[in-house]
Amino acid sequence: MPQKLTLKKIAQDMNVSISTVSKALRDSHEISVETREKIKGYAKKFNYKPNNIALSLKNQKTKKIGIIIPEIVHHFFATVISGIEKVANEKGYQVIICLSGESFDKEVVNMDMLANGSIDGFIMSLSKETLERQDFHHLREVLNQGMPIVMFDRVVDAMPCDKVIIDDFAAAQSATEFLLRKGKKKIGIISTVDYVSVGKLRTQGFKEALNKRNAHFDKNSVLKIEDAENCTTKIENFLKKGDFDGILAVNELFAVTASKILQKQNKQVPEEVAIIAFTDGMLSKYASPTLTTIGQKGEDMGALAANKLIERLESKQDIDESYETVIVKTSLVERESTP
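In this report, we go over the structure that sits alongside the text.

What counts and what doesn't
Residues numbered from 1 in each chain as written. Predicted model: local features only at pLDDT ≥ 70, side-chain atom pairs only at ≥ 80, totals over all residues. Heavy atoms only, no water. Helix = DSSP H or I, 4+ residues; strand = E, 2+ residues; numbered from the N terminus. Buried < 20%, exposed > 50% of the residue type's maximum accessible area, 1.4 Å probe, protein only. Areas by Shrake-Rupley, 256 points an atom, 1.4 Å probe, with all protein chains shown as cover. Lys, Arg positive; Asp, Glu negative; His and termini not counted. Charge placed at Lys NZ, Arg CZ, Asp CG, Glu CD. Phe/Tyr/Trp six-rings, centres within 6.5 Å; stacked < 30°, edge-to-face > 60°. Lys NZ or Arg CZ within 6 Å of the ring centre and 35° of its normal. Patch = residues over 30% accessible without salt bridge, like charges linked within 9 Å, V, L, I, M, F, W, Y side chains within 5 Å. Salt bridge = Lys/Arg side-chain N within 4 Å of Asp/Glu carboxyl O. Polar contact = N/O pair within 3.5 Å; in protein donor to acceptor, adjacent residues only side chain to side chain. Pairing = 2+ DSSP bridges. Axes fitted to C-alpha atoms, helices over the stretch in contact; angles between N-to-C directions. Contact = heavy atoms within 4.5 Å. Right-handed = clockwise from strand over helix to strand, strands pointing away. Core = buried A, V, L, I, M, F, W, Y, C linked by side-chain atoms within 4.5 Å.

Some words on the overall build of the protein chain
Along its length, the protein chain carries 13 helices and 12 strands. A buried classification covers 51% of the 339 residues belonging to the protein chain. Carbon and sulfur atoms provide 48% of the accessible area of the protein chain, an area that totals close to 16600 Å². Mean positive and mean negative side-chain charge positions of the protein chain (48 and 46 charges, respectively) differ by 2 Å.

Section: the packing of aromatic side chains
In total, this model carries 4 aromatic pairs according to the counting rule given. Between Phe238 and Phe244, the aromatic rings sit 4.8 Å apart at their centres with planes inclined by 35 degrees, giving tilted as the arrangement. Phe244 carries the same exposure label as Phe238, and that label is buried. Grouped by ring-pair contacts, the aromatic residues Phe76, Phe77 and Phe152 constitute a single cluster. One Lys or Arg, Lys186, reaches over the ring of Phe244 and ends 5.8 Å from the middle of that ring. If you follow Arg202 out to its NZ or CZ, it ends over the ring of Phe278, 3.9 Å from the centre.

With respect to a positive patch on the surface
The grouping of Arg181, Lys182, Lys185 and Arg213 at the surface amounts to a positive patch. As for its placement among the helices and strands, Arg181 is situated in helix H8 (residues 168-181).

Re helix H5 (residues 104-114)
Of the positions making up H5, those classed as buried are Phe104, Glu107, Val108, Asn110, Met111, Asp112 and Leu114. Two to three positions downstream of the cap, the backbone nitrogen of Asp105 sits 3.4 Å from a side-chain oxygen, assigning the N-cap of H5 to Ser103.

Considering the sheet that holds strand E9 (residues 274-278)
Working definition: the strands of a sheet are paired by backbone hydrogen bonds and lie parallel or antiparallel to each other. Taken in spatial order, the 6 strands line up as E7-E6-E8-E9-E10-E12 in an open sheet, and their pairing is mixed. Of all strands in the sheet, those with a lone pairing partner are strand E7 (222-225) and strand E12 (331-333), marking the two edges. Averaged over all pairs of adjacent strands, the angle between strand axes in this sheet comes to 20 degrees, irrespective of strand direction. Bridge count between strand E6 (residues 187-192) and E7: 4 bridges; the pairing is parallel. If you follow Thr192 over to E7, its bridge partner there is Ile225. Against the sheet, helix H9 (residues 197-212) touches E6, E7, strand E8 (246-249) and E9, its axis set at about 165 degrees to E6. Along the sheet, helix H10 (residues 232-242) contacts E6, E7 and E8; its crossing angle with E7, the most-contacted strand, is approximately 175 degrees.

So, the pairing of strand E2 (residues 94-99)
Pairing analysis gives 6 bridges linking strand E1 (residues 64-69) to E2, with the strands arranged parallel. Bridging from a neighbouring strand, Ile65 pairs with Val95 of E2. Note that the unit made of E1, helix H4 (residues 75-90) and E2 has a crossover that is right-handed.

What about the pattern of salt bridges?
Applying the stated rule across the entire model yields 13 salt bridges. Among the salt bridges present, the one from Asp13 reaches Lys9, with a minimum N-O distance of 2.7 Å. Of the two residues, Asp13 and Lys9 are both situated in helix H1 (residues 7-14); the distance of 4 residues between them amounts to about one turn of the helix. Classification of Asp13 as partly exposed rests on a relative accessible area of 35%.

Some thoughts on a negative patch on the surface
Where like charges cluster on the molecular surface, the negative patch consists of Glu132, Glu226, Asp227 and Glu229. Along the chain, Glu132 falls in helix H6 (residues 128-133).

Digging into the nonpolar core
Ile65, Ile123, Ile190, Ile235, Leu239 and Leu248 are the most contacted members of the largest nonpolar core, which totals 65 residues. Ignoring sequence-local partners within four residues, the contact set of Ile235 consists of Ile190, Leu223, Ile225, Phe254, Thr257, Ala258 and Ile261. Core analysis: the second largest hydrophobic core is formed by 22 residues, Cys98, Leu114, Met124 and Met151 among them.

Description of the sheet that holds strand E11 (residues 325-328)
Read from one edge of the open sheet, 6 strands run E2-E1-E3-E4-E5-E11, paired in parallel fashion. A strand with exactly one partner marks an edge of an open sheet, and here the two such strands are E2 and E11. Ignoring which end each strand starts from, the neighbouring axes of this sheet average 20 degrees apart. In this structure, E1 lies alongside strand E3 (residues 121-124), joined through 4 bridges in parallel fashion. Pairing of Ile68 across the sheet is with Met124, part of E3. The strands touched by H4 are E1, E2, E3 and strand E4 (149-152); relative to E2, the strand with the most contacts, the crossing angle is about 160 degrees.

What follows is the structure, encoded as structure tokens:
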């Protein structure tokens, strides 16, 4: 049986990126005429059928929602899916979940696969690589074809769609002020790289809290981590050099790693170093000591995202131009890692 021709297969055969193939098949002016013609000619020769939304399918409803998330190991994403599923199932919808694995190419392929009449709309959080590249052609294509998207957590302001987020800036500012009120004077933040919007905003909130209190701040009090799976050495060096008495971590993994390293360094948590983490998940509840966290209420975010998407799918009115950004309130859950 001959292999089915896909975006990935064309990219491999033509020795170009998946993004280039996707754009060329959609006649994007970002791709040279010569390259466009070569790719379109190859696709035509082997009878490639792009997974666009056919006009004949536009008014047919599948009662399915596509969910694309960067990863599922983080408690936050698992709770968001739970919230989406609960609302979707109550309203007679099923969900199809795809993982981008933080890969731009995989995100493009997943959207292309699902946007062929298999689903009615998307709920998604963007991959790190998509945010780094700032290439959103696959999102625009789906929106231009009339398929709604609701973004959550990692969003792009420029995209005309509904969004569900927390106020990352305010949450980080509030957590930092909490540490300052507890008498902590030299506080560090373990964050992600700036092209991930949530990491950037949380770092900005951290800085703002310090500046308002005229507290000690310099560039060495910020650690930006790109590869979470290999973060231990970077966090260890950061804590050794910084001699901090307070740490704000933008996720549970960074916080638990920091706590373990501090204990190996014979630092007492929270007496000598207090720790606050984003996401109130299982790691925080069962860490030793248990972690004070900023609860992001992932299940609420998922429920809100599902309700927004289904409302848009089932609306008989033209509401395409009225998009909403819903901000979910966070809460500080105090445990053993803060005094």
